[in-house]
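Here are the chains, one letter per residue:
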Amino acid sequence: MADLSGAVVLVTGANGGLGAEFVTQALDRGASRVYATARRPRDWADERVVPLELDVTDQASVDAAVTAASDVTIVVNNAGVGGAASLLAASVEDVEALFATNVFGALRVAKSFAPVLAANGGGALVDLHSVLSWIALAGGYSASKAAFWSITNSLRVELAPQGTQVLGAHLGYTDTPMIEHLDTEKNAPADVVAAIWDAVAAGEREVLVDQVSRDVRAKLSGSLEAMYPQLG
């Protein structure tokens, strides 16, 4: 398990939504420093927060972040892009763009910071997934989250020998700018992040933040027809 008291945390996609909540709650739980990363980082007006430019799709940018944040003990892979067009309606290039950030960007961060976490005692890697990792309702976005989930499962095994806790977090619709246009019930970002930080502190490897995630996870062992009634 990773203790947030005195921890040094790096959050990708930290400017708003869940990312900003991760920064704020990490500090509230005793983190000594938080690297708040984004393509265009904002000012935080808090000396404990270090704004850091990071484009997860650019290896040179990730390498620069590794150099700047060599004291990190917890990495939160939160950066992501949306896109719910069907696979048939979207261009292959659009799907590739989703994967560039949601899959390969997250993998690039994990691979690059793994030696840093090892050097600093193991620490933790937190990967932000979605209930859509398990149910194909959002075309290329669902596919990207499913791929990221699989990568996290592999990283969990590969990073275990160096003592790094790998936590995969799954959640349903949450009230962030990415889905502000959807008229549906949404989780509060503060509740989601609190549940994830609690899971990190407890040494857990996976956290299902809400009931919809728990319900869909339970259906994975059932029939395809039960998961997708539209199949008839």
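Residues numbered from 1 in each chain as written. Predicted model: local features only at pLDDT ≥ 70, side-chain atom pairs only at ≥ 80, totals over all residues. Heavy atoms only, no water.

- As recorded in an unreviewed UniProt entry, the chain goes by the name NAD(P)-dependent dehydrogenase (Short-subunit alcohol dehydrogenase family), listed as coming from Schumannella luteola.
- Database annotation for the chain, UniProt heading Sequence similarities (unreviewed entry): "Belongs to the short-chain dehydrogenases/reductases (SDR) family." (UniProt positions renumbered as here; feature names shortened; annotations may be inferred.)

**Concerning the pairing of strand β2 (residues 33-38)**
- Counting buried residues along β2, 5 of its 6 residues qualify, which places the element largely inside the surrounding structure.
- In terms of handedness, the path from strand β1 (residues 8-11) via helix α1 (residues 17-28) over to β2 forms a crossover that is right-handed.
- Taken together, the 5 bridges between β2 and strand β3 (residues 49-53) define a ladder with parallel strand orientation. If you follow Tyr 35 over to β3, its bridge partner there is Val 50. (Buried < 20%, exposed > 50% of the residue type's maximum accessible area, 1.4 Å probe, protein only. Helix = DSSP H or I, 4+ residues; strand = E, 2+ residues; numbered from the N terminus. Right-handed = clockwise from strand over helix to strand, strands pointing away. Pairing = 2+ DSSP bridges.)

**Details of the packing of aromatic side chains**
- Scanning the entire structure with this criterion turns up 2 aromatic pairs.
- Taking the centre distance of 5.5 Å and the plane angle of 90° together, the rings of Phe 22 and Trp 197 count as edge-to-face. Pair noted here: Phe 22 is in helix α1 and Trp 197 is in helix α5 (residues 189-201), with a separation of 175 residues, a long-range link.
- Between Trp 134 and Trp 149, the ring centres sit 5.7 Å apart and the planes meet at 80°, which makes this aromatic pair edge-to-face. Of this pair, Trp 134 sits in the loop between β5 (124-128) and α4 (139-159) while Trp 149 sits in helix α4, and the two are 15 residues apart along the sequence. (Phe/Tyr/Trp six-rings, centres within 6.5 Å; stacked < 30°, edge-to-face > 60°.)

**Some thoughts on the pattern of salt bridges**
- This structure, assessed with the given rule, holds 5 salt bridges.
- Residue Asp 71 pairs with Arg 33 through a salt bridge whose shortest N-O separation is 2.5 Å. One end of the pair, Asp 71, is in the loop between α2 (59-68) and β4 (74-77); the other, Arg 33, is in strand β2, with 38 residues separating them in the sequence.
- Residue classification places Asp 71 among the partly exposed positions, given a relative accessible area of 24%. (Salt bridge = Lys/Arg side-chain N within 4 Å of Asp/Glu carboxyl O.)

**Considering the sheet that holds β3**
- Ordered in space as β3-β2-β1-β4-β5-β6-β7, the 7 strands form an open sheet in which the pairing is parallel. Looking at the sheet topology across the chains shown, the edges are occupied by β3 and β7 (206-208). On average, each strand axis in the sheet is inclined to that of its neighbour by 15°, with strand direction left out of account.
- Looking at chain direction, β1 and β2 are connected through 4 bridges and run parallel. Across the sheet, the residue bridging to Leu 10 is Tyr 35, located in β2.
- In this fold α5 packs onto β1, β4, β5, β6 (165-170) and β7, with an angle of close to 155° to the strand it touches most, β6. (Axes fitted to C-alpha atoms, helices over the stretch in contact; angles between N-to-C directions. Contact = heavy atoms within 4.5 Å.)

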